[in-house]
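Given next are the chains, with one letter for each unit.
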Amino acid sequence: MPVGIVVQKYGGTSVADPERIRAVAERIVAAKEAGNDVVVVVSAMGATTDELVDLAHQVCARPAPREMDMLLTAGERISIALLCMALIDRGQEAVSLTGSQAGIITDTTHGKARIVDVRPFRIHEEVVAGRVVVVAGFQGVSTDKDITTLGRGGSDTSAVAVAAAVGAEVCEIYTDVDGVYTADPRLVPDARKLAEVTYEEMLELAGSGARVLQVRSVEFARNHGVTVHVRSSFNSGPGTRVVEEDKAMENAIISGLAHDTSEAKITVHGVPDRPGIAARIFQELADNAVNVDMIVQNTSSDGRTDVSFTLPTDDLVTGKAVIEAVCAEIGAAGFDVEDDIAKISLVGAGMKTNPGVAAAMFTVLADNGVNIEMISTSTIRISCVIKAADLEIALRAVHARFGLDGSDAEVVFG
Ligand code: ADP
Ligand code: ASP
Ligand code: MG
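Every value quoted in this text rests on a predicted model; they were computed, and no experiment measured them.

A. Seen up close, the nonpolar core. With 46 residues, the main nonpolar core has V7, V39, I123, M202 and V228 as its most contacted residues. Ranked by the residues each element gives to this core, the list is headed by helix 5 (residues 155-166), at six residues. With residues up to four places along the chain from it excluded, the contact list for M202 reads V180, V197, V212, L213, V218 and V242. Counting residues in each nonpolar core, the second largest holds 27 residues, with L346, A360, L391 and L395 among its members.

This is the structure in structure tokens:
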């Protein structure tokens with residue numbers, strides 16, 4: 001394989017219309033002319049994936065997972081073909097490959113398949129022949145030879161996996177912001193761009209809702225030592241590098257804040273407080289593929305207790321059905337659902353050695369009249385569930401309290 005392979009991934013906003021596709025083609029040609037071999041991974045144009053999801057739900061309430069994957073992968077097929085047409089028109093030889101053609105092999109879990117192997121033979125051949133290879137993100141072929149998707153935001157993971165497989169020098173993630181910020185710049189205007197962030201911090205941020213990188217892409221990058229550079233497709237400034245901890249230049253106590261509004265909370269009331277009951281509830285949820293996030297059990301009185309947990313709103317229909325059945329079985333009093341919640345997470349490697357971060361976060365939330373409904377922590381993260389209506393005020397207050405505010409100019413494009 002020739003040296004100097006660069007993998008570039010372009011997200012949906014970056015290829016949202018013909019003009020942007022041509023602009024992306026220019027950028028790719030510039031990288032090629034600078035002497036690199038370029039392998040590109042693209043997402044579907046703009047809101048195509050959302051539109052396809054809507055379309056499926058207009059045909060039936062619960063689309064068959066295999067057919068849903070077949071449908072959704074069509075979005076990326078459109079953008080790879082159009083981008084190659086623009087490149088060829090520009091005089092650059094290029095070839096589009098579906099995930100399957102590119103050798104991206106996954107397990108058989110439709111809708112959130114995991115990449116188990118990348119066999120980049122075809123990519124190699126095309127690169128050696130001097131072509132730019134444009135791979136469809138978000139998709140692969142399963143060990144059962146079915147077409148799969150990697151979960152929303154999955155093109156990031158496709159890009160990192162391809163970068164690892166071809167031994168790329170860097171995996172550049174081009175998006176509609178200039179890099180990874182101390183908070184989502186759409187909600188926190190004073191957010192500051194991070195020059196570097198560690199894999200561990202990025203894992204916590206992405207896992208807590210910062211959708212700028214799909215969490216699996218960060219896991220993959222860390223496990224395979226891929227250097228990821230998140231940058232804007234609308235300008236050529238430096239973005240954010242995701243690096244090993246000891247390489248991080250500034251070791252800030254707090255690196256950023258993430259938020260997530262995609263979860264709901266279920267509280268089961270009057271649960272008999274005896275061994276085996278929690279196991280019963282959560283085993284049943286797990287057996288039905290409901291991904292539970294936070295769990296809180298109250299202290300019991302009269303041998304009964306309340307158990308609350310959060311789950312993705314996408315899993316709410318299944319979760320409610322499971323809990324209804326379990327409630328009857330274990331003799332619980334009933335349950336209620338809150339879907340107007342948000343989770344705010346403060347992340348920073350320095351938390352390990354700095355006591356008082358949690359107390360400071362809770363104090364600033366209280367001072368701003370924000371009630372905390374649930375709390376969970378890891379060694380480098382503190383998460384609080386609050387009312388969705390309090391999200392912006394909470395984010396801005398905590399952001400300011402930890403000195404994260406900066407003065408970057410316009411940062412969001414598209
Ligand atoms: P793409 O289509 O390029 O994959 P995404 O919409 O998936 O783009 O991710 C980029 C978006 O992530 C940004 O527009 C921004 O609103 C959001 N975001 C959330 N948290 C952060 C953060 N900490 N830094 C930068 N962007 C963030
Ligand atoms: N098109 C897919 C999505 O919208 C994958 C991606 O954009 O990364 O989730
Ligand atoms: Mg994305």
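B. Here's a closer look at the packing of helix 5 against helix 7 (residues 215-224). Where helix 5 contacts helix 7, the axes come no closer than 8 Å and their chain directions differ by 15°. Considering the angle they form, helix 5 stands roughly parallel to helix 7. Note that helix 5 runs across helix 7; the crossing there is left-handed. Two secondary-structure elements touch here, helix 5 through D156, T157, V160, A161 and A164 and helix 7 through R216, S217, F220, A221 and H224. Taken together, the residues of the contact of helix 5 with helix 7 break down into five nonpolar, three polar and two charged.

C. Summary view of the pairing of strand 6 (residues 132-136). The buried fraction of strand 6 amounts to five of the five residues, a majority that puts the element mostly inside the structure. Side chains of strand 6 alternate between two faces, with V132, V134 and A136 and V133 and V135 buried alike. With four bridges joining them, strand 3 (residues 94-97) and strand 6 adopt parallel strand pairing. By the bridge assignment, L97 is partnered in strand 6 with V135.

D. Looking closely at the packing of aromatic side chains. Throughout the structure, instances matching the rule amount to two aromatic pairs. Between the aromatic rings of Y10 and Y174, the centroid separation amounts to 4.8 Å while the plane-to-plane angle is 10°, which identifies the pairing as stacked. Of this pair, Y10 sits in strand 1 (residues 5-10) while Y174 sits in strand 9 (residues 170-175); the two residues are 164 residues apart in sequence, bridging distant segments of the chain. Overall, Y174 belongs to the buried group, its relative accessible area being 3%. Arranged with centres 5.4 Å apart and planes meeting at 80°, the rings of F282 and F309 form a pair that is edge-to-face. Taken together, the residues F282 in helix 8 (residues 277-287) and F309 in strand 16 (residues 304-312) connect sequence positions 27 residues apart.

E. Region of the structure containing the site of ligand 1. Neighbouring residues of ligand 1: 16 residues in total, closest T175, D176, Y181, D184 and R186. Within the backbone of G12, an N or O atom sits 3.1 Å from an oxygen atom of ligand 1. T175 places a polar side-chain atom, nitrogen or oxygen, 2.7 Å from an oxygen atom of ligand 1. The fraction of the free accessible surface of ligand 1 (570 Å²) that becomes covered by protein chains is 91%. Within the shell around ligand 1, the residues separate by chemical class into seven nonpolar, four polar and five charged.

F. Layout of the site of ligand 2. As a structural note, the neighbourhood of ligand 2 is formed by S43, A44, T49, E76, F138, R152, G153, G154 and S155. Contacts to ligand 2 include R152, whose side-chain N or O atom sits 2.6 Å from an oxygen atom.

G. The sheet that holds strand 7 (residues 139-142), seen in detail. Spatial strand order, 5-4-7-8: four strands in an open sheet with mixed pairing. The outermost strands of the open sheet, each flanked by one partner alone, are strand 5 (115-118) and strand 8 (147-149). Averaged over all pairs of adjacent strands, the angle between strand axes in this sheet comes to 45°, irrespective of strand direction. Against the sheet, helix 3 (residues 65-89) touches strand 7 and strand 8, its axis set at about 75° to strand 8.

H. Structural detail: the sheet that holds strand 16. Pairing within the open sheet is antiparallel, and its four strands lie in the order 15-16-14-17. In this open sheet, the two edge strands, each paired with only one partner strand, are strand 15 (295-297) and strand 17 (334-338). On average, each strand axis in the sheet is inclined to that of its neighbour by 15°, with strand direction left out of account. Two strands pair when backbone bridges link them, and strand 14 (residues 263-272) and strand 17 are joined in this way by five bridges, in the antiparallel orientation. Considered in strand 17, the bridge of T267 is made with D336. Packing against the sheet, helix 9 (residues 316-330) makes contact with strand 14, strand 16 and strand 17, and its axis sits at approximately 0° to strand 14.

Rules used throughout
- Residues numbered from 1 in each chain as written.
- Chains lettered and ligands numbered in written order.
- Predicted model: local features only at pLDDT ≥ 70, side-chain atom pairs only at ≥ 80, totals over all residues.
- Heavy atoms only, no water.
- Core = buried A, V, L, I, M, F, W, Y, C linked by side-chain atoms within 4.5 Å.
- Buried < 20%, exposed > 50% of the residue type's maximum accessible area, 1.4 Å probe, protein only.
- Helix = DSSP H or I, 4+ residues; strand = E, 2+ residues; numbered from the N terminus.
- Contact = heavy atoms within 4.5 Å.
- Axes fitted to C-alpha atoms, helices over the stretch in contact; angles between N-to-C directions.
- Parallel < 35°, antiparallel > 145°, perpendicular 65-115°, else oblique.
- Left-handed = near helix turned anticlockwise from the far one by under 90°.
- Nonpolar A, V, L, I, M, F, W, Y, C, P; charged D, E, K, R; others polar.
- Pairing = 2+ DSSP bridges.
- Phe/Tyr/Trp six-rings, centres within 6.5 Å; stacked < 30°, edge-to-face > 60°.
- Near = heavy atom within 4 Å.
- Polar contact = N/O pair within 3.5 Å; in protein donor to acceptor, adjacent residues only side chain to side chain.
- Areas by Shrake-Rupley, 256 points an atom, 1.4 Å probe, with all protein chains shown as cover.

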